[in-house]
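# Descriptive analysis of the structure
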Amino acid sequence: MKRVLMGAGLALALSAGTAFAQECKPSKYGADDEIGAANLVTPERVAAAAKLVKKGESHPLGIVVDPNMPAFPPRGMMLQIVSPGQQNGRTLGQDFGWDSIYNDDIAQLWFGIGPQIDGLGHLGEGTYYNCNDPKEISALTGLTKLGIHNIPPLIGRGVLIDIAKHRGVESLNAGDAITPEELEAASKAQGVTFKGGDIILIHTGWTDAKLESDPTAWVSGEPGTNNAAAVWLADKDPVAVGADTWGVDVVPPAPGDKVFYGHVTLLKENGIYILETMNTGRLAAEGVNEFMFVLGQARIKGAVQMIINPVAMW
């Protein structure tokens, strides 16, 4: 795993070193835009998405975040439960006037673990989305631009492409690359169509198959989209693209591809958000390939990523 990730870091560093010399094209949403494809969330699209709720069913797309779960290194979290002012059996009766007790929690964590949204300041090539220079926006105390606090509620039509079903397997394997041709074929076979402003999710079966049974294998590699597939997805003009894997892109990368370069295609070049470790198993099992998607992330100023629990409704 370390060799894969060290190679990934080297590839990204080399790419970044050459990209500064490349001309950056301002966003189609304007030179000052900070929210990218979230501009596609319109009242009309929200109203249309609400009409997809026919049965009143809902499903959490975020998995449970376990402090012991593996994550892309060096990410992790530590959780502590404390009972302030209640040492040695003391209650807060003398403070509140009744026999009160309570717990609080303290966490030290990276926001990029488990189910998460990658903001537009997460990964770039030379510059970030909309020509933002890392020297100007990447302050130690928080991003000065492109922070996830800028993202409005992401509400829209969600669609699921079940690649595991298309291949006739419970789960794809690490290193299995999903191509544009496969996305196209699976979509047609499953009756999935695309509209601007969609949230596109891909089901591979990877997290359901591996996270609990073999967590080391789960985080050491993954099935996912190749570089060309990221371009294919971006051409559908979605608000966000996600999968039931920890990085969406295939690891190790397909021969000739750049590792994690789908992040550059989506985030930097198109302002499209990435949703990782999405809990798509129930949708796949029940054949739900169209639903209302709702996400309102915690708005921590200057944050790059955020742990999330979007909701699918149908």
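Data block above holds the structure.
Residues numbered from 1 in each chain as written. Predicted model: local features only at pLDDT ≥ 70, side-chain atom pairs only at ≥ 80, totals over all residues. Heavy atoms only, no water.

What follows deals with the environment of Ile200. When you line up the elements, Ile200 lands in strand E9 (residues 199-203). Distance in space between the C-alpha atoms of Ile200 and Lys135 is 32 Å, their sequence separation being 65 residues. Residues contacting Ile200, with those up to four places away along its chain left out, are Val159, Ile161, Phe194, Leu233, Lys236, Pro238, Ala240, Val241 and Gly242. (Helix = DSSP H or I, 4+ residues; strand = E, 2+ residues; numbered from the N terminus. Contact = heavy atoms within 4.5 Å.)

Another point: the state of the cysteines. Note: disulfide means a covalent bond formed between the sulfur atoms of two cysteine side chains. Taken as a whole, this structure holds 1 disulfide when the rule is applied. Across the disulfide from Cys24 sits Cys131; the S-S distance is 2.1 Å. Looking down the S-S bond of the Cys24 and Cys131 bridge, the torsion is -95°, so its handedness is left-handed. You can see Cys24 sitting in the loop between helix H1 (2-19) and helix H2 (43-50) and its partner Cys131 sitting in the loop between strand E4 (116-118) and helix H4 (134-137), a full 107 residues away along the chain. By relative accessible area, which is 29% here, Cys131 ends up partly exposed. (Disulfide = S-S within 2.5 Å. Buried < 20%, exposed > 50% of the residue type's maximum accessible area, 1.4 Å probe, protein only.)

Turning to the pattern of salt bridges, a few remarks are in order. Overall, the coordinates contain 11 salt bridges when judged by the stated rule. Between Asp237 and Lys28 there is a salt bridge; the shortest N-O distance is 3.3 Å. Of this pair, Asp237 sits in the loop between helix H9 (227-234) and strand E11 (240-243) while Lys28 sits in the loop between H1 and H2; the two residues are 209 residues apart in sequence, bridging distant segments of the chain. Glu184 is the partner of Lys188 in a salt bridge, and the nearest nitrogen-oxygen pair spans 3.8 Å. In this pair, Lys188 and Glu184 are both assigned in helix H6 (residues 180-189), 4 residues apart and thus about one turn of the helix distant. Note on Lys188: relative accessible area 63%, which makes it exposed. Through salt bridges with shared partners, a single network forms among Glu57, Arg282 and Glu286. (Salt bridge = Lys/Arg side-chain N within 4 Å of Asp/Glu carboxyl O.)

This brings us to the nonpolar core. If you look at the biggest cluster of nonpolar residues, it comprises 58 residues, and the most contacted ones within it are Ile117, Leu154, Leu183, Tyr273, Leu275 and Phe291. When near neighbours in sequence (up to four residues on either side) are disregarded, Phe291 contacts Leu52, Gly156, Arg157, Gly158, Val159, Leu160, Leu201, Leu283, Ala312, Met313 and Trp314. Counting 10 residues, the second largest nonpolar core, distinct from the first, contains Met69, Trp206, Trp246 and Val251. (Core = buried A, V, L, I, M, F, W, Y, C linked by side-chain atoms within 4.5 Å.)

Let's shift gears to the sheet that holds strand E12 (residues 273-276). With mixed pairing, 9 strands are arranged side by side in an open sheet as E1-E15-E13-E7-E9-E11-E12-E4-E14. Edge positions in the open sheet fall to strand E1 (58-60) and strand E14 (305-307), since each of these has one partner strand only. Neighbour-to-neighbour, the strand axes of this sheet turn through a mean angle of 25°, independent of strand direction. Examined bridge by bridge, strand E7 (residues 154-162) and strand E13 (residues 290-295) share 6 bridges and lie antiparallel to one another. Note that in E13 the partner of Arg157 across the bridge is Met292. (Pairing = 2+ DSSP bridges. Axes fitted to C-alpha atoms, helices over the stretch in contact; angles between N-to-C directions.)

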